Amino acid sequence: MIQIAVFSDVHGNLPALEVVLNDIEERGIQQKFCLGDLVDFAPWGNEVIEKIRSQNIPCIMGNHDERIAFDIPVIPLRKHSEAETAARFLAIDHSKKYITQENKNYLSELPFHLKLNYKIGKKHWNIQLVHSSLESNDTYLYENEHDEIFQNMLEESQSDVILMGHTHISFEKYFDGKWAINCGSVGRSREENRLTSYVILTLDEEKITPEIIQLDYPLEEVALEIEKSEIPNYYASFLRNEKLSVI
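Caption draft 1: Spotlight on the overall build of the protein. Counting its regular elements, the protein contains 8 helices and 9 strands. Relative to the compact-globule value of 18 Å for 247 residues, the protein shows a C-alpha radius of gyration of 17 Å, a close match. Overall, the protein is about 55 × 35 × 35 Å in size when its C-alpha atoms are taken along their principal axes. Burial status across the protein gives 55% buried among its 247 residues. Long-range pairs, those at least 24 residues apart, make up 65% of the contacts in the protein with a sequence separation of at least 6. About 11,300 Å² of surface is accessible on the protein, with carbon and sulfur atoms providing 47% of the total. Positive and negative side-chain charges of the protein, numbering 24 and 41 respectively, have mean locations separated by a distance of 2 Å.

Structure follows, in structure tokens:
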């Protein structure tokens, strides 16, 4: 049996990341992977990058990582409210200002995808890691998408499991022995409970068994630190699941 842990979308939330990494360690899981978006929206972008680097955790490039690494302009998104759009510009500008050049260089060199192959007995398991999809790190795929979308991704990648993040909402979909799984978000969950989230895959010779793990973390402490920083208070209200404001 082999267990691997996969997490995504830390978004500068170091306390949440530490809770996840401590839980993984307590479970004795050695294999850890990150699906990107280390930065933006909480004050510890540099510290998150340095934690991932110091633990040699393989990580792929999320859309926010790419934007900060290459100074890509922010484009308003139709799905965002006027308040979120205004806050988003300010929060990303904050990251562009404070992320060190060394850490920007690290983000710029992250791979776009990772493909894993594990052999257990006579069985090879192929696991595809993406930030959001095979073609893009900025595509929003939710649980209610047509099954064919995920089945096509599994077929195209020749994988038994495809793991993604980006939407900040976790789910599992099963297709005749194969899985499409969203890890949710470590640091900026959009789920009602706002818990930090990651996935454990347990592999044996017969099957793969996924488990979505959700944990409490010191959310209020993070919200208060956001309010002390130059990051818009919108993101503190978001974590608390309050009525949102840019004040």
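Caption draft 2: How the structure looks around helix 6 (residues 147-157). Every buried residue of helix 6 is accounted for by Phe150, Met153, Leu154 and Ser157. Looking down the long axis of helix 6, one finds its buried residues gathered within 95° of arc, a one-sided arrangement. What points out from helix 6, more than 90 degrees from its buried face, is the exposed set Glu155 and Glu156. Buried residues along helix 6 sit against strand 3 (114-120), strand 4 (123-129), strand 5 (161-164), strand 6 (171-175) and strand 7 (178-182).

Caption draft 3: Seen up close, the sheet that holds strand 5. One open sheet accounts for 5 strands, arranged 3-4-5-7-6; its pairing is mixed. Edge positions in the sheet fall to strand 3 and strand 6, since each of these pairs with one other strand and no more. Here the average twist between neighbouring strands, direction ignored, is 15°. Contacts between helix 6 and the sheet are confined to strand 3, strand 4, strand 5, strand 6 and strand 7, with strand 6 contributing the most and set at about 70° to the helix.

Caption draft 4: Focus on the nonpolar core. Judged by nonpolar contacts, the single largest core of 47 residues is most densely connected at Phe7, Leu17, Leu38, Leu107 and Tyr198. Examining the composition of this core, we find that 6 residues originate from one element, helix 1 (residues 14-26), more than from any other. In this view, Leu107 contacts Leu38, Val39, Ile49, Met61, Asp65, Ile68 and Ala69; residues no more than four positions away in its chain are not counted. Leu116, Tyr118, Ile120 and Ile127 belong to the second largest nonpolar core, which has 20 residues in total.

Caption draft 5: Main features of the environment of Ile72. Note that Ile72 resides in the loop between helix 3 (63-70) and helix 4 (82-98). With relative accessibility at 33%, the residue Ile72 sits in the partly exposed group. Separated by 18 residues in sequence, Ile72 and Ser54 place their C-alpha atoms 27 Å apart. Leaving out residues up to four positions away in the same chain, Ile72 has contacts with Glu66, Arg67 and Lys96.

Caption draft 6: Representation of the pairing of strand 2 (residues 31-34) in the model. Sheet analysis places strand 1 (residues 2-7) next to strand 2, joined by 4 bridges and oriented parallel. Each residue of the ladder has a partner; that of Ile4, found in strand 2, is Gln31. Each parallel crossover has a hand, and for strand 1 linked through helix 1 to strand 2 it is right-handed.

Calculation notes
Residues numbered from 1 in each chain as written. Predicted model: local features only at pLDDT ≥ 70, side-chain atom pairs only at ≥ 80, totals over all residues. Heavy atoms only, no water. Helix = DSSP H or I, 4+ residues; strand = E, 2+ residues; numbered from the N terminus. Rg over C-alpha atoms; globule rule 2.2 N^0.38 Å. Buried < 20%, exposed > 50% of the residue type's maximum accessible area, 1.4 Å probe, protein only. Contact = heavy atoms within 4.5 Å. Areas by Shrake-Rupley, 256 points an atom, 1.4 Å probe, with all protein chains shown as cover. Lys, Arg positive; Asp, Glu negative; His and termini not counted. Charge placed at Lys NZ, Arg CZ, Asp CG, Glu CD. Arc of directions from axis to C-beta. Pairing = 2+ DSSP bridges. Axes fitted to C-alpha atoms, helices over the stretch in contact; angles between N-to-C directions. Core = buried A, V, L, I, M, F, W, Y, C linked by side-chain atoms within 4.5 Å. Right-handed = clockwise from strand over helix to strand, strands pointing away.

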